[in-house]
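What the coordinates show
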Amino acid sequence: MRFFGYQGDYHVADSEKTAVLAISIMAGFYLTPTFAQENNNQANEQEQNSSSEKQAQSTSAQKKQGNVRPIGEWNYQKLYQSGGIRADRLLDANVLSDSGDEIGSVENAILNQDNRIIALIAQVGGMWDIGDTHVAIPWEKVALTDNGVQVPIREDNVDDYGLFDESYVIKQDLDQATQVEDDVMTGPQTWKVTDLLNDYASIDDGEGYGYVSNALFSKQGVLQALVIDPSEKRYGKGPYAYPFYGYEQGWHPGSSSYQISYSSEEAKQLPTFDYTKYRSLWN
């Protein structure tokens, strides 16, 4: 009986193993395609998500870059050769009458969406016993001289240069306007050079970079470049001059900071901007 029982137990155990093996094989045969299909679906989904993400990043990058020139194509030679106007010299420059008399000083510059000066805001009138008055002088009426900016303003026509000329200040949009010194207002289609000066600057990957210390204009009043002084040692001492793209790169006058359209590695490629080589008025 024991022998028979042992043999029986042995064969029963062997049969169970065989049955389990057979069931496992059959289960694998019928279930594996399902598992494989699920794995394939997951792989395809991951691949599609990855592809969509890459495409979105590429589209975003293209939109962000727009007309931004590669940093390797940007150099200071044209700036040095053509020279121009430094914003820090333009602000507080003397305002001269037709006869060459000093009648005030420049307080600000108004630019349009094409980054071109369309008017100067000046404080004039102290010598005329009418009190200090802020006026807006169309750029085309400004003459640049060695001693300052010459304008056709006289005591008898100062009222003709009121601050709210329709050509550069939009009266209908004062609710959206930004305040300048002494309640001088500019509408949303125009902006002031002081909207940029001293603004905090970050590079394209969001890292802190420095501060906008100056702006460079051509003698025709077109903004050529922004000068930025790094506050991070790893970017060097500076200053560095960068091309300005403005509205086309998403900047607007109400922005609390200015974002450079280049990465940290690209920023490190720029040489220091040498003011002594930039031929500017009123140095």
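The paragraphs below set out a description of the structure included in this document. (Residues numbered from 1 in each chain as written. Predicted model: local features only at pLDDT ≥ 70, side-chain atom pairs only at ≥ 80, totals over all residues. Heavy atoms only, no water.)

Some remarks on the overall build of the protein chain
Each helix and strand counted, the protein chain has four helices and 15 strands in total. By the burial criterion, 40% of the 283 residues in the protein chain qualify as buried. In the protein chain, once contacts between residues fewer than 6 apart in sequence are set aside, the share between residues at least 24 apart is 57%. Put simply, the protein chain shows about 16,600 Å² of open surface, and 48% of that area lies on carbon and sulfur atoms. (Helix = DSSP H or I, 4+ residues; strand = E, 2+ residues; numbered from the N terminus. Buried < 20%, exposed > 50% of the residue type's maximum accessible area, 1.4 Å probe, protein only. Contact = heavy atoms within 4.5 Å. Areas by Shrake-Rupley, 256 points an atom, 1.4 Å probe, with all protein chains shown as cover.)

A short note on the environment of Val142
Positionally, Val142 belongs in the loop between strand S5 (133-138) and strand S6 (143-145). The class of Val142 is buried, set by a relative accessible area of 15%. Sequence separation between Val142 and Pro152 is 10 residues, and the spatial gap between their C-alpha atoms is 7.9 Å. Residue contacts for Val142: discarding those within four places in its chain leaves Leu120, Ile137, Val149, Gln150 and Val151.

A look at the environment of Val124
Looking at where Val124 falls in the secondary structure, it is placed in strand S4 (residues 117-124). Take Val124: its relative accessible area is 1%, and that puts it in the buried class. For the pair Val124 and His134, spaced 10 residues apart in sequence, the C-alpha separation works out to 6.4 Å.

Description of the pattern of salt bridges
Under the definition given, this model contains seven salt bridges. Between Lys192 and Asp195 there is a salt bridge, with the nearest N and O atoms lying 2.9 Å from each other. The residues Lys192 and Asp195 share a single accessibility class, namely buried. As a salt-bridge pair, Glu207 and Arg234 come within 2.8 Å of each other at their nearest N and O atoms. Of the two residues, Glu207 is situated in the loop between strand S11 (200-202) and strand S12 (208-217) and Arg234 in the loop between strand S13 (223-230) and strand S14 (240-242); the sequence distance between them amounts to 27 residues. For Arg234, a relative accessible area of 46% puts it in the partly exposed group. Each of the salt bridges in this network shares a partner with another, and the network as a whole consists of Arg86, Asp88 and Arg89. (Salt bridge = Lys/Arg side-chain N within 4 Å of Asp/Glu carboxyl O.)

What to know about the pairing of strand S3 (residues 102-111)
The element S3 is largely enclosed, with a buried count of nine among its 10 residues. With three bridges connecting them, strand S2 (residues 94-96) and S3 associate as antiparallel partners. Bridged to Leu96 within S3 is Glu102. Between S2 and S3, which follow one another and run antiparallel, lie five residues, and Gly100 among them has a positive phi close to 95 degrees. Here seven bridges tie S3 to S4, and the two strands are oriented antiparallel to one another. Opposite Val106, over in S4, you have Ala122 as the bridge partner. Two successive antiparallel strands, S3 and S4, enclose a turn made up of five residues, where Asn115 displays a positive phi of approximately 60 degrees. (Pairing = 2+ DSSP bridges.)

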